[in-house]
Amino acid sequence: MKLYEMAKAPNPRRVRMFLAEKGLLEEVTCIEIDLAKGENLSTDFSAKNPMKKVPVLELDDGTCISETTAICRYFEEHYPDSPKLLGNDANEKAIIEQWTRWVDFYLFLPIGMGFQHTTDYFAHRMNPIKEWGESNIEQAMKFFDFLDNHLKDHDYIACGRLTAADINAFCSVDFGKVVNLRVNESHPHLKHWYERIKARPSAAV
């Protein structure tokens, strides 16, 4: 199997961490796609994912699966004996998905919009609106507050153990650095959780 990615981008990192925690990273060959150079806009890559985004998982039969959660779901279902990071039963699956969606909508997306609209990284293919970017960065900071309050009484985001919700949140929090959002002493519970997840071998893949 081939995993098309940009290694420093947060969504591909989520997939790599997920695979590493499940002991499945060696099941894929990672192929670097340079977004800055527009390699994701090529005809060949567009045929694999018409949305022109990474990551994309290409199976041995040529089937291509896009979107982080969909790729993680594929591995969760096909390798049932590896650790269940998307939940063991209906309740856990629902809670974990709830948290991953919250992180996507209220942290990852605002950081991404902040980055796109307050820097010139994608200025060659979009019209940045600085005020919109700044507003999104403020929203992301509010979610830092929300996570800090939640982690005051929880060692992990959901279900009392490491799950895909932690992986999503960790990669999103790390992504905040692109807009100068960093975990510090003003969010002590979030900082403690962040440092524990960062110490895991999967965080370094």
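Residues numbered from 1 in each chain as written. Predicted model: local features only at pLDDT ≥ 70, side-chain atom pairs only at ≥ 80, totals over all residues. Heavy atoms only, no water.

Our focus in this paragraph is the pattern of salt bridges. This model, assessed by the stated rule, comprises 11 salt bridges. With a closest N to O distance of 3.2 Å, Glu58 and Lys48 form a salt bridge. Of this pair, Glu58 sits in strand 3 (residues 56-58) while Lys48 is found in helix 2 (residues 43-48), placing the two residues 10 residues apart along the sequence. Between Arg73 and Glu77 there is a salt bridge, with the nearest N and O atoms lying 3.9 Å from each other. One end of the pair, Arg73, and the other, Glu77, are both in helix 3 (residues 68-78), 4 residues apart, so they sit about a helical turn from each other. Residue Arg73 is classed as partly exposed on the basis of its relative accessible area of 28%. What emerges from the salt-bridge pattern is a single network uniting Arg13, Asp174 and Lys177. (Salt bridge = Lys/Arg side-chain N within 4 Å of Asp/Glu carboxyl O. Helix = DSSP H or I, 4+ residues; strand = E, 2+ residues; numbered from the N terminus. Buried < 20%, exposed > 50% of the residue type's maximum accessible area, 1.4 Å probe, protein only.)

Another aspect to go through is the pairing of strand 2 (residues 29-32). Walk down a regular strand and you will see the side chains alternate between the two sheet faces. As judged from the 4 bridges shared by strand 1 (residues 2-5) and strand 2, these two strands associate in the parallel manner. Across the sheet, residue Glu5 finds its bridge partner in strand 2, namely Glu32. For the handedness criterion, the β-α-β arrangement of strand 1, helix 1 (residues 10-22) and strand 2 is classed as right-handed. (Pairing = 2+ DSSP bridges. Right-handed = clockwise from strand over helix to strand, strands pointing away.)

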